[in-house]
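One letter stands for each residue in the lines below.
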Amino acid sequence: MAQDRTSDLLRKVRKIEIRTRALSHQVFAGEYHSAFKGKGMTFSEVREYQWGDDVRNMDWNVTARLGAPYVKVFEEEREMTVMLLVDVSRSGLFGTSSMSKRDLLAEIAAVLSFSAIINNDKVGALLFSDKVEKFIPPKKGRSHLLHIIREVVEFTPESDGTDVGAALRYLTNAIKKKCTAFVLSDLIDVDAERMPRYEDALKVAVNRHDISMIEVYDPAERNIPDVGLVHVKDSETGKAAWVDTSSAKMRAEYRRWFSDVADNTSKLLMKYSVDSVSIATDQDYVKGLMTFFQKR
């Protein structure tokens, strides 16, 4: 039984690897490189001045010594640290199309990881529910990357809820130097007024790191169908209730709740200049990520 489960996991991880590695090489690597800059510029060499060179890069000492104009050449210091903050709460198991939200998060995490590795960046991961469940320090290499993918696919959280703020606070404390961090979540983490609960943590994190939000959702979450009386259970709180989906008023209130959450989340991310993209489980995430990379 355990052996069959392990074999299924390996097949699933291998399938994700084949698909996402090809996408990363063929589609995303260049866009990723352009969208996420390295640490800065580092000196490379001195060469003779050519027409069009920036005179601010003139090396006056070499110019005076050789009697001809020379300029300093700089290269982008490319290597970065990339952190994936992946929501592994119970709500990620929901899915009414070809994949669950958790499956979609795993593929997107794999694409970002392979794109980072191709560009010689280190990758780490932080898996969270309503607490930080697992921290994987950033490293390079295919085996490390596959370890991250396996954890995202298979990890069983100890807690059921969602606390984006806890993940952001842990990131701020654990990674001291500036990194590029992706929060991969359905971002359903709001208070009674439908306001995101993680503003304070986000405010601190964006001052130290380059934070991006990748939200995933299932269409059925936002537009509940009319299927009569159904028994529903909140996967995070465990609360269950009977819901009359034939009630137009109930469906309208349901849509309004998600609309308010989406609007409030969008306003918060704009307030702190956080780039974001929202991708549905029935959509082609390739287009969503390409648009996300290109608008940075």
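Just above, that's the structure.
All values reported here derive from a predicted model rather than from experimental measurement. (Residues numbered from 1 in each chain as written. Predicted model: local features only at pLDDT ≥ 70, side-chain atom pairs only at ≥ 80, totals over all residues. Heavy atoms only, no water.)

1. Topic: the overall build of the protein chain
Link 1 in the chain: A count of helical and extended segments in the protein chain gives nine helices and ten strands.
Link 2 in the chain: Across the protein chain, every contact between residues at least 6 apart in sequence was considered, and the portion connecting residues at least 24 apart equals 75%.
Link 3 in the chain: For the protein chain, the computed accessible surface area is about 15600 Å², with 50% contributed by carbon and sulfur atoms. (Helix = DSSP H or I, 4+ residues; strand = E, 2+ residues; numbered from the N terminus. Contact = heavy atoms within 4.5 Å. Areas by Shrake-Rupley, 256 points an atom, 1.4 Å probe, with all protein chains shown as cover.)

2. Observations regarding the sheet that holds strand 7 (residues 210-217)
Link 1 in the chain: Here six strands make up an open sheet; going across it, the order is 5-4-3-6-7-10 and the pairing mixed. Two strands lie at the open edges of the sheet, namely strand 5 (132-139) and strand 10 (275-280), each paired on one side alone. Here the strands of the sheet are splayed against their neighbours by 15° on average, with no regard to which way each runs.
Link 2 in the chain: Of the pairings in the sheet, the one linking strand 7 to strand 10 comprises six bridges and is parallel in character. In the sheet register, Glu215 faces strand 10, and the bridge partner there is Ser278. (Pairing = 2+ DSSP bridges. Axes fitted to C-alpha atoms, helices over the stretch in contact; angles between N-to-C directions.)

3. Focus: the packing of aromatic side chains
Link 1 in the chain: All chains considered together, the criterion is met by four aromatic pairs.
Link 2 in the chain: An angle of 45° between the planes, with centres 5.8 Å apart, marks the rings of Phe292 and Phe293 as tilted. The two residues Phe292 and Phe293 agree in class, both being buried.
Link 3 in the chain: One aromatic cluster is present, formed by Tyr254, Trp257 and Phe258 through successive ring pairs. (Phe/Tyr/Trp six-rings, centres within 6.5 Å; stacked < 30°, edge-to-face > 60°. Buried < 20%, exposed > 50% of the residue type's maximum accessible area, 1.4 Å probe, protein only.)

4. Overview of helix 9 (residues 285-295)
Link 1 in the chain: Turning to helix 9, its buried residues are Tyr285, Val286, Gly288, Leu289, Met290, Phe292 and Phe293.
Link 2 in the chain: By the N-cap criterion, in which a side-chain oxygen at the helix start approaches the backbone nitrogen of a residue two or three places on, helix 9 is capped by Asp284, the distance to Val286 being 3.0 Å. (Polar contact = N/O pair within 3.5 Å; in protein donor to acceptor, adjacent residues only side chain to side chain.)

5. A word on the packing of helix 3 (residues 101-118) against helix 4 (residues 142-154)
Link 1 in the chain: At a minimum axis distance of 9 Å, the contact between helix 3 and helix 4 shows a crossing angle of 170°. Taken together, the axes of helix 3 and helix 4 are roughly antiparallel relative to one another. Judged by residue contacts, Arg102, Ala106, Ala110, Ser113, Phe114 and Ile117 of helix 3 engage Leu145, Ile149, Glu151, Val152, Val153 and Glu154 from helix 4.
Link 2 in the chain: In the contact of helix 3 with helix 4, the residues fall into eight nonpolar, one polar and three charged. (Parallel < 35°, antiparallel > 145°, perpendicular 65-115°, else oblique. Nonpolar A, V, L, I, M, F, W, Y, C, P; charged D, E, K, R; others polar.)

6. Quick word on helix 8 (residues 248-271)
Link 1 in the chain: If you check helix 8, its first and last C-alpha atoms are 34 Å apart, about what 24 residues at 1.5 Å a residue would give, namely 34 Å.
Link 2 in the chain: Every buried residue belonging to helix 8 is among Arg251, Phe258, Val261, Asn264, Thr265, Leu268 and Leu269, and all of these are buried.
Link 3 in the chain: Residues of helix 8 that are buried sit in contact with helix 6 (199-205), strand 7, helix 7 (219-222) and strand 10.
Link 4 in the chain: Backbone geometry just after helix 8 places Ser273 at a positive phi near 55°. (Expected span 1.5 Å × (residues − 1).)

7. Looking at empty space enclosed by the protein
Using a probe with the size of a water molecule, rolled over the atoms, empty space left in the structure can be pinpointed.
Link 1 in the chain: Per the stated rule, a full pass over the model turns up one cavity of 30 Å³ or more.
Link 2 in the chain: When its volume is computed, the largest cavity comes out at roughly 110 Å³.
Link 3 in the chain: Lining the largest cavity are Asp186, Leu187, Ile188, Glu215, Val216, Tyr217, Glu221, Arg222, Phe258, Val261, Ala262 and Thr265.
Link 4 in the chain: Those elements that provide at least two residues to the lining of the largest cavity are strand 7, helix 7 and helix 8.
Link 5 in the chain: Of the residues forming the lining of the largest cavity, the biggest block, four residues, is contributed by helix 8.
Link 6 in the chain: Counted by class, the lining of the largest cavity contains seven nonpolar, one polar and four charged residues. (1 Å grid on protein atoms, 1.4 Å probe; cavity = no way out; pocket = protein on both sides within 12 Å on 5 of 7 lines; lining within 4 Å. Points joined across faces, edges and corners; volume = space filled by probe spheres on them.)

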